[in-house]
Amino acid sequence: MNNRLLVVFSAIFLILIFSLTAVSVYFQNNIVDSQLSDISHNMEANIDNRMEAQLDKAEMLLITISENEEYQYLFAEREREKLYYKLYQINRQLKDRGVSQFQFHLPNSTSFLRLHMPDTYGDDLSSFRETVNRANSDLTTTSGLEEGRGGLGFRVVTPIFYENEHIGSVEIGQNFDQIFLNNLKKDFGGEYFIYIFEPEKTVSWLDSPNTEYLASTIEKDPLPISENELAKLKEMNTLHYQHHNELVILVPFTDYSDQPLGYVKAIIPITEINDYLTTSIISTLILSSIILLLSLFVALVLSTTITKKFNIEKELKQSKNLKDGIFEVIQDAVCIIESDMTIKDVNKVMEKWYSSKMPLIGRKWHEIFQTYEEKSNECSGIKAFETKQMCSDIVPIRCVDANVEWIELLAYPIIDEDDKVTKVAIFLRDITQRKKIEEYDRSQTIIKEIHHRVKNNLQVIASLLNMQSRLFKHDKKVQNAFEDSQRRIISMSLAHEKLYSTENVASIEISDYVESLVSNISQMYNNIDKKIKTETVVTKNYLDMDKTIPIGLIINEIITNSYKHAFTGKDSGKIKISFVQVDDAYELVVQDDGIGIPDNLDYDNMKSLGLTVINLLVKQLNGKIEMDRSNGTTYTIVIPK
């Protein structure tokens, strides 16, 4: 009799332990799979964002160049040499930023001027440069990846007009090569490759020593993909899979016409994740073995004392104490329900969550959790009774006694020897923080998208103002007014662009914004006749949009005034911009060494729109402005934090 009971109890405990172990390993594997999937999605989003950022920056710069009337005139008159020297300084700056091609094309897609190769021109590009053909035929900006004579790269081509007539197009190109991959490797680690689906169709002048891939961070790809995976990539499906201690991510990309062109391959080491999984499984097995030994011990004690009433009661009490201890140690809220939904038992966490509805034992489960008088067939507890399987759900909690808003509900059926579910153990796990993080990530994405669209809309408005100003080409005052408005809009657009490209959508790093703004204005006003240098001294600070945009507009107005009026009669000059934190305020100083404002001119009563805008913006920021007319003109503006 005792031996029989020992065998029966041992078998039951073995099944329970192995079941719990299997469930634990299952959830641990799910956690690892979720982490690998997150890594893959983050890599895909990062690659897409980097490619889009390359094109957006080039397109914004081309708008400025294509709408410059002096460049339009030189291009319309086909003054190749003058146009080259006019853009020489800009070309050098573009090279420093990694731009490899800067060139102008005639309306028939013939090369007119390559600033990166000024001695090479006149060749027909119409047979293989579709972005140039589209820009010249559709008269709209065309951008995307395209194969050219210099290799595969990011191409942005914008049509140019002079006196409302199409005179050709201008292009900026940046290679899509190992530099792009090295930046990925620097930020995320691992190894990277760029593959093209049909490399045999390339028209590049470059002879690649490797026919397998376009670029890579290591010499040989250790994990070639299968034909089946290649077919899925051509359908623009991002893939990822694990190979030993490495995660392979395959991200397809398209060309300028949204046609599948190739894919980026990333091989990321995941040794730490695998070590975590191995350690977790080993820990689970050790814990299961310990619990199994304890269970066998209890079974042995029960089987050997079953004929003695005193010993039976003693062992039952010990077993209950052990169960209660384990029951209370669990950090989740737990309750046991019977087939009629009556609550049989609960732990202390459950009592804490539903303290206002005590006592819980003896009441119906749906009255406590669902606040319904009748049970719902959607309840996971009902499903567990019906299916004899573990059921789960994620639901908002309806209890006000605990600071819990979302829970993960797990219902485990308890089956007897007749294969009937006698009870269901329900675990309620608090996942409020996880849901809040997910909601925060979604809101951050939406806010960044809004800034991106605002930036694009501001650029469209700037372009419309430029087109409208052409109708007043004989009225210089009206044209200047349109140009001033266009520059103000571009300064605001630049702020939204910086905010979109940062991780923190609530603030902008001011030094990067100021340097970009000054560079943009300098490119619009600098010319060969006058050599005006700019110097920026800006400390690293993070400001919100309410401060950044007014500061940007103030800098725009002051520097614009300096370019227009400060250097009349002078061949050279210097403008210095300083923005630093002083105690509990920010100090903005803009100084030029020009001719200065005459002493007999009343600054406070000047009716210039630009100076009026400056005063209004300083007032909006609750700041103070001072002007020094000695040795040029110096504006000192103090803005409280």
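To be clear, the structure that these remarks concern was listed above.
Let me begin by describing the structure that accompanies this report. (Residues numbered from 1 in each chain as written. Predicted model: local features only at pLDDT ≥ 70, side-chain atom pairs only at ≥ 80, totals over all residues. Heavy atoms only, no water.)

### With respect to helix H2 (residues 69–76)
Structurally, the α-helix is built with 3.6 residues per turn, so residues lying three or four positions apart point the same way.
Moving on, step 1. Every buried residue of H2 is listed here: Tyr71, Gln72, Leu74 and Phe75.
Moving on, step 2. Structurally, the start of H2 carries an N-cap: the backbone nitrogen of Glu70 is 2.9 Å from a side-chain oxygen of Asn68.
Moving on, step 3. A positive backbone phi angle near 60 degrees is found at Arg78, which sits one or two residues after H2. (Buried < 20%, exposed > 50% of the residue type's maximum accessible area, 1.4 Å probe, protein only. Helix = DSSP H or I, 4+ residues; strand = E, 2+ residues; numbered from the N terminus. Polar contact = N/O pair within 3.5 Å; in protein donor to acceptor, adjacent residues only side chain to side chain.)

### Quick word on the environment of Gly189
Moving on, step 1. Take Gly189: it is sitting in the loop between helix H6 (178–188) and strand E6 (191–196).
Moving on, step 2. Linking Gly189 and Ile267, residues 78 residues apart in sequence, is a C-alpha distance of 8.8 Å.
Moving on, step 3. Residues in contact with Gly189, not counting those within four places in the same chain, are Leu184 and Ile268. (Contact = heavy atoms within 4.5 Å.)

### Points about the side chain of Lys265
Moving on, step 1. Residue position: Lys265 is located in strand E10 (residues 260–269).
Moving on, step 2. If we skip the residues at most four places from it in the chain, Lys265 touches Glu191, Tyr192, Phe193, Tyr195, Asp221, Leu223, Pro224, Ile225, Val248, Ile249 and Leu250.

### Considerations on the sheet that holds E10
Moving on, step 1. Spatially, five strands are ordered E7-E6-E10-E9-E8 in an open sheet, and the strand pairing comes out antiparallel. Two strands bound the open sheet, and with one partner strand each, they are strand E7 (215–216) and strand E8 (239–243).
Moving on, step 2. Bridge count between E6 and E7: two bridges; the pairing is antiparallel. Counted as the bridge partner of Phe193 is Ser216 from E7. (Pairing = 2+ DSSP bridges.)

### Digging into the pattern of salt bridges
Moving on, step 1. This model, assessed by the stated rule, comprises eleven salt bridges.
Moving on, step 2. Measuring nitrogen to oxygen at the nearest pair gives 2.8 Å for the salt bridge that ties Asp221 to Lys265. Note that Asp221 is positioned in the loop between E7 and helix H7 (227–234) and Lys265 in strand E10, a separation of 44 residues in sequence.
Moving on, step 3. Looking at Asp221, the relative accessible area reads 8%, which means it is buried.
Moving on, step 4. Salt-bridge contacts for Lys344 lead to Glu338; the nearest nitrogen and oxygen are separated by 3.8 Å.
Moving on, step 5. Under the relative-accessibility criterion, Lys344 is labelled partly exposed at 46%.
Moving on, step 6. Residue classification places Glu338 among the partly exposed positions, given a relative accessible area of 24%.
Moving on, step 7. Within this structure, Arg129, Glu146 and Glu171 form a network of salt bridges that share partners. (Salt bridge = Lys/Arg side-chain N within 4 Å of Asp/Glu carboxyl O.)

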